Number of protein chains: 2
Amino acid sequence: MRALIFDLDGTLVDTVYAHVLAWQLTLAEAGMPLDGWRIHRRIGMSGGLFTRALAREVGHPITPEQTRFLQDRHGELYRTLLPLRRPLPGAVALLRRLRESGVPHGIATSGRRPDIDASLEALELAPDMIVVDRQSVAHAKPAPDLFLECQRQMGIPAEECYVVGDAVWDLLAARRAHMIGIGLLTGGYGQDELLVAGAYQVFRDAAELDEALEELGIPPGISN
Amino acid sequence: MRALIFDLDGTLVDTVYAHVLAWQLTLAEAGMPLDGWRIHRRIGMSGGLFTRALAREVGHPITPEQTRFLQDRHGELYRTLLPLRRPLPGAVALLRRLRESGVPHGIATSGRRPDIDASLEALELAPDMIVVDRQSVAHAKPAPDLFLECQRQMGIPAEECYVVGDAVWDLLAARRAHMIGIGLLTGGYGQDELLVAGAYQVFRDAAELDEALEELGIPPGISN
């Protein structure tokens, strides 16, 4: 295993709960309220899939115009609710260590600009950091496209990439990309939910993952 | 089994995610940020225990004055973030059905007024509904006091009461009160977390619980 691909929201930055509340308020305003826990379990999936799931819940189709309106309103509320983005414990140090050790790594997120701008800034990324966002691919998670595009940019075979994420969508997309998924608890899923979805291991947060890198064979050659 | 005691936040009303974000913002303002998922897993426990856990995380003691200040600021942000409280699916109908069937029931919450006022209103409770809140007892969950006080007011032995809640704190307090805990997914815990904490059964929400009342022996005599 030679490389690490990271999800962003809930994995590197502490943004999941603001995303959930922003969707709760957006959907309530639009007259189609949805339970917070159902929204929570769909954070990180593609907006298109989210809208289709929503349409099923509310019992009528949602037009592309409505989808765009809802996404824009969500983004607006999200940026208002959480103007300051906080990196999760260990995230900044882990990314720095990977950079300094020459371990290939990147970020692949279903999020879109400008929603993700403040989060990327908070992570103090190197200027040449590989960031694949929603606009870079045709299909977001749980399709494998985001991870495959990140892997292509890193120039590492999929089979040698770990995917690190907080949601079952990361783990499903990782399996579809022939990568090995690692779960973090920082997105608010229970450990069992991540293991059942195929996580090879689950860590508390990036700090705990950082301590276990050698056991994962990163960088290659150290543990094997 | 003759009676049902309900938790409020996350069980009957859709408030957990607003509580989490309100705490995230409060603690960040106060210079002691805490991960959203850690806050989430502590929603519903007593404020005193929450503060002690917080003090351990931030590495210094928190004075009673600071605790009061943080609680007030949290309440203020919470009421601003979520002025409209939405009953969770099936909650209003279930409470109405219990009332009409003469099944003893009550609400027991670690929440306090005025934070809970809008939630109680949204549930369209009968004027004589039993509501035990934080101010009614010396210790909140996971101490059994709230459930025992509710049971005392209903006049039903503890052994004949179910506790319905969304958090492990409800389930732990139920065990300590010699009651049987039932978990709901509406607070955002995973099913396994609730089962491991001792839930006899886990339902999606109050609507699904409503459909299963007879299997639980409520009202008594129907299923036995």
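Heads up: the structure comes first, above all this text.
All values derive from a computational prediction rather than experimental measurement.

(A) Broad picture of the relation of the copies chain B and chain A. Between the two copies, chain B and chain A, the superposition gives an RMSD of 0.0 Å; the rotation angle is 180° and the shift along the axis is 0.0 Å. As the rotation angle and translation indicate, the two copies are arranged about a two-fold axis. Residue B:Gly190, judged by its C-alpha, is the member of chain B lying nearest the rotation axis, at 2.6 Å. Comparing interface residues between copies, 100% of those in chain B also lie at the interface in chain A; the contact surface is shared.

(B) Main features of the side chain of B:Ser110. Considering the arrangement of structural elements, one finds B:Ser110 in the loop between strand S2 (105-108) and helix H6 (117-122). Among the polar contacts made by the side chain of B:Ser110, one reaches the main-chain carbonyl oxygen of B:Gly44 at a distance of 3.0 Å.

(C) Summary view of the packing of helix H1 (residues 16-29) of chain B against helix H4 (residues 64-81) of chain B. Residues and elements named next belong to chain B. Contact geometry for H1 and H4: axes closest at 8 Å, N-to-C directions at 130°. When the axes of H1 and H4 are compared, the pair comes out oblique. Note on packing geometry: the crossing formed by H1 with H4 is right-handed. Together, Ala18, His19, Leu21, Ala22, Trp23, Leu25, Thr26, Leu27 and Glu29 of H1 and Leu70, Gln71, Arg73, His74, Leu77, Tyr78 and Leu81 of H4 make up the contact between the two elements. Tallied by class, residues from the contact of H1 with H4 come to ten nonpolar, four polar and two charged.

(D) Representation of the interface of chain B and chain A within the structure. Facing 29 residues of chain B, the contacting portion of chain A comprises 29 residues. For the pair chain B and chain A, the summed buried surface comes to about 2,200 Å²; carbon and sulfur atoms form 58% of the total. By the criterion of area lost to chain A, the three top residues of chain B are B:Tyr17, B:Leu21 and B:Trp37, representing 29% of everything that side buries. Between chain B and chain A we count two salt bridges in total. Linking A:Asp35 and B:Arg86 is a salt bridge whose minimum nitrogen-to-oxygen distance equals 3.0 Å. Seen at the junction of chain B and chain A, the total is ten residue pairs in polar contact (both at pLDDT 80 or more). Looking at the side of chain B that touches chain A, the elements with two or more residues in it are H1, helix H2 (36-40) and helix H9 (191-196) of chain B. Considering each element in turn, the side of chain B that touches chain A owes the most residues, six residues, to H1(B).

(E) View of the environment of A:Gln191. Residue and element names in this part refer to chain A. Its place among the elements puts Gln191 in helix H9 (residues 191-196). Judged by relative accessible area, which is 42%, Gln191 ranks as partly exposed. Residues Gln191 and Ala3, 188 residues apart in the sequence, show an inter-C-alpha distance of 24 Å.

Rules used in this analysis
- Residues numbered from 1 in each chain as written.
- Chains lettered and ligands numbered in written order.
- Predicted model: local features only at pLDDT ≥ 70, side-chain atom pairs only at ≥ 80, totals over all residues.
- Heavy atoms only, no water.
- Least-squares fit on C-alpha atoms with pLDDT ≥ 70 in both.
- Contact = heavy atoms within 4.5 Å.
- Helix = DSSP H or I, 4+ residues; strand = E, 2+ residues; numbered from the N terminus.
- Polar contact = N/O pair within 3.5 Å; in protein donor to acceptor, adjacent residues only side chain to side chain.
- Axes fitted to C-alpha atoms, helices over the stretch in contact; angles between N-to-C directions.
- Parallel < 35°, antiparallel > 145°, perpendicular 65-115°, else oblique.
- Left-handed = near helix turned anticlockwise from the far one by under 90°.
- Nonpolar A, V, L, I, M, F, W, Y, C, P; charged D, E, K, R; others polar.
- Buried area = accessible area lost by both parts, 1.4 Å probe.
- Salt bridge = Lys/Arg side-chain N within 4 Å of Asp/Glu carboxyl O.
- Buried < 20%, exposed > 50% of the residue type's maximum accessible area, 1.4 Å probe, protein only.

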